[in-house]
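Notes for the structure review
Below are the chains, spelled out letter by letter.
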Amino acid sequence: MAIIEQSVVTILQYLSNSELQFPHFQRPYKWTTKNVIQLIDDINRFKGVTPYRIGTIVIFKNNEGYQIVDGQQRTISFLLLLKAIMLNKHESLNNEELRERLFVLNEKVIKPVFQSEISKKNIQLNYKEIEFRIVNAEEDFIEFFLNKCQITYFVIDDISEAFQFFDSQNARGKDLEPHDLLKAFHLRELNTAKNYTNQDDTQLVETWELMDTRELGSIFADFLYRVKGWAKGNSARYFSKKDTIMFKGINLQTIEDYPHTKIYSIADEFTRDARLKGNADFPFQLDQTIINGRYFFEMITHYKNLYDALESKLEVVTGVAKDIIIVINNYEGMHRMGDRYVRMLFNCALLNYIDKFGYKDLSKAIEKIFIWAYSIRLTYQSLQLASVDNYVLKEINLFRKIREAIYKEDILNMSIPVIEDDYESKKTKKIKGMFITMKYYVKRT
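Reading the values: rules and limits
- Residues numbered from 1 in each chain as written.
- Predicted model: local features only at pLDDT ≥ 70, side-chain atom pairs only at ≥ 80, totals over all residues.
- Heavy atoms only, no water.
- Helix = DSSP H or I, 4+ residues; strand = E, 2+ residues; numbered from the N terminus.
- Expected span 1.5 Å × (residues − 1).
- Buried < 20%, exposed > 50% of the residue type's maximum accessible area, 1.4 Å probe, protein only.
- Arc of directions from axis to C-beta.
- Contact = heavy atoms within 4.5 Å.
- Axes fitted to C-alpha atoms, helices over the stretch in contact; angles between N-to-C directions.
- Parallel < 35°, antiparallel > 145°, perpendicular 65-115°, else oblique.
- Nonpolar A, V, L, I, M, F, W, Y, C, P; charged D, E, K, R; others polar.
- Left-handed = near helix turned anticlockwise from the far one by under 90°.
- Pairing = 2+ DSSP bridges.
- Phe/Tyr/Trp six-rings, centres within 6.5 Å; stacked < 30°, edge-to-face > 60°.

With 18 residues, helix α5 (residues 117–134) extends 25 Å from end C-alpha to end C-alpha; this agrees with the ideal 26 Å at 1.5 Å per step. Buried within α5 we find I118, S119, N122, I123, N126, Y127, I130 and I134. End-on, the buried residues of α5 take up no more than an arc of 140°, which puts them together on one face. In α5, the exposed positions that point more than 90 degrees away from the buried face belong to E117, K121, Q124, K128 and F132.

In structure tokens:
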């Protein structure tokens, strides 16, 4: 790895670099007042005891300057602190040397302009909080912040290696969620991907950042990860950093001309102009090879929309399917953890069917998938995630069947064993009633 500079520097030394830049692919500034309060409290807590190491900054150096790959959130917060000090404390400082250093620093320091409305909002809110606290700060706080607070500083001259270093640093720690690491990886791929267009990469990042992080995590952990894993016959219990490899694939610009990749190149060429005008979507499928860069972000947006639309689609089904939806949304035991796992299983299978066959014969699909998913609820007294995982892999793996299916009838006509009368539970009485109505429940003789 081409690390051309590695050092521990003070905040004063770091911010004195007038060539620092926030590249266009960076996410918006998402720190809240809670984050900046924590930063100030930490500085106060360690003040006067020892140099305080705040974190790591990863820089990509090119002919344009020093682009911040990792550390943007802290850097912007440092700049807000500096601005508050200059506007509120500089003239009243007793230490002439400190006052002079601040003056020189203020002349050198970068003054970035942000386009993101998210960044602008958070900068305004955080600055008000910082200014409120700086007004009452002692001089030793300012001295400690500038000269005793430190960051570990890595400068790398290759953008791909800079992002790889970012990945490796965070993969060993607990700072980022798996989907955050995937975002960093695919942002790097934007720079070389065939489907990359510079003018709207910022919009890609902002669309991602506008998603609620917990909801985004759920889409990966409870839907995409499990469907992709189960369809291949793999266990899919907990989505972790080691599983991010499932969402890294091919780069259409750099991969060799293999026969199996031609279909993606053709689809790229065929839909590119229409997609850029908003008139078409890439034909994503859950079991396809991941295309790195732009298509990854488009794919996640596509499946988030599919995920979000499911509830409204279920509201308009008719017949037995309508009765099923009413039951699974209202039966007494629905809020138990085991029952939540079963509902997750039902939703995953239904979304997988919709991904493959659209909304054709949706009511019939709901009937079949309900019987398959809720059979485990009527046959297991105690349900854990492991129970559901094993059920998929060791009984009828519906996800694999959907993956292998050519026609929707391959799923709709699938045979599922009836349930025998094993035990009674008042909390699943309505579920059992649906099985009896649909003739999938018999009393053991």
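Moving on: helix α8 (residues 178–190). Here α8 is 13 residues long and its end C-alpha atoms lie 19 Å apart, about the 18 Å a rise of 1.5 Å per residue gives. Within α8, 13 of the 13 residues are buried, which leaves it mostly tucked inside the rest of the structure.

Attention shifts here to the environment of E143. Looking at the secondary structure, you find E143 in helix α6 (residues 139–147). Under the relative-accessibility criterion, E143 is labelled partly exposed at 27%. As a C-alpha pair, E143 and G48 span 95 residues in sequence and 9.8 Å in three-dimensional space. Beyond its immediate stretch of four places on either side in the chain, E143 contacts N95, L98, R101 and K148.

One way to put it is that helix α2 (residues 33–46) packs onto α6 with a least axis distance of 10 Å and a crossing angle of 100°. Judged by the angle between their axes, α2 and α6 are roughly perpendicular. Side by side, α2 and α6 meet where I40, I43, N44 and F46 of the first sit next to F141, F144 and F145 of the second. Looking at the contact of α2 with α6 residue by residue, the classes come out as 6 nonpolar, 1 polar and no charged.

It is at 8 Å that the axes of helix α13 (residues 319–328) and helix α15 (residues 362–379) come closest, and there the two elements cross at 45°. Between α13 and α15, the angle is such that the two are oblique. Note on packing geometry: the crossing formed by α13 with α15 is left-handed. Between α13 and α15, the contacting residues are V320, A321, I324, I325 and I328 on the first element and S363, I366, E367, F370 and Y374 on the second. Per-class residue counts for the contact of α13 with α15 are 8 nonpolar, 1 polar and 1 charged.

What follows concerns unusual backbone geometry. At D361, a position not held by glycine, the phi torsion is positive, near 50°. Among the structural elements, D361 can be located in the loop between α14 (337–357) and α15. On the basis of relative accessible area, D361 is assigned to the partly exposed category, the value being 32%. Positive phi is not limited to glycine here, since K439 has a value of about 65°. Classification of K439 as exposed rests on a relative accessible area of 68%.

Turning to the pairing of strand β4 (residues 65–70), a few remarks are in order. Among the 6 residues in β4, 6 count as buried, and that is most of the element. Across 5 bridges, the pairing between strand β3 (residues 52–62) and β4 is antiparallel. Looking at the pairing, I59 lines up with I68 of β4. What sits between β3 and β4 in their antiparallel hairpin is a turn of 2 residues.

Moving on to the packing of aromatic side chains. According to the stated counting rule, one finds 21 aromatic pairs in the structure shown. Both rings, one in W372 and one in F399, keep their centres 5.7 Å apart while their planes meet at 80°; by these two values the pair is edge-to-face. Residue W372 is located in helix α15, and its partner F399 is located in helix α17 (residues 398–404); the two are separated by 27 residues in the primary sequence. Like F399, W372 is buried.

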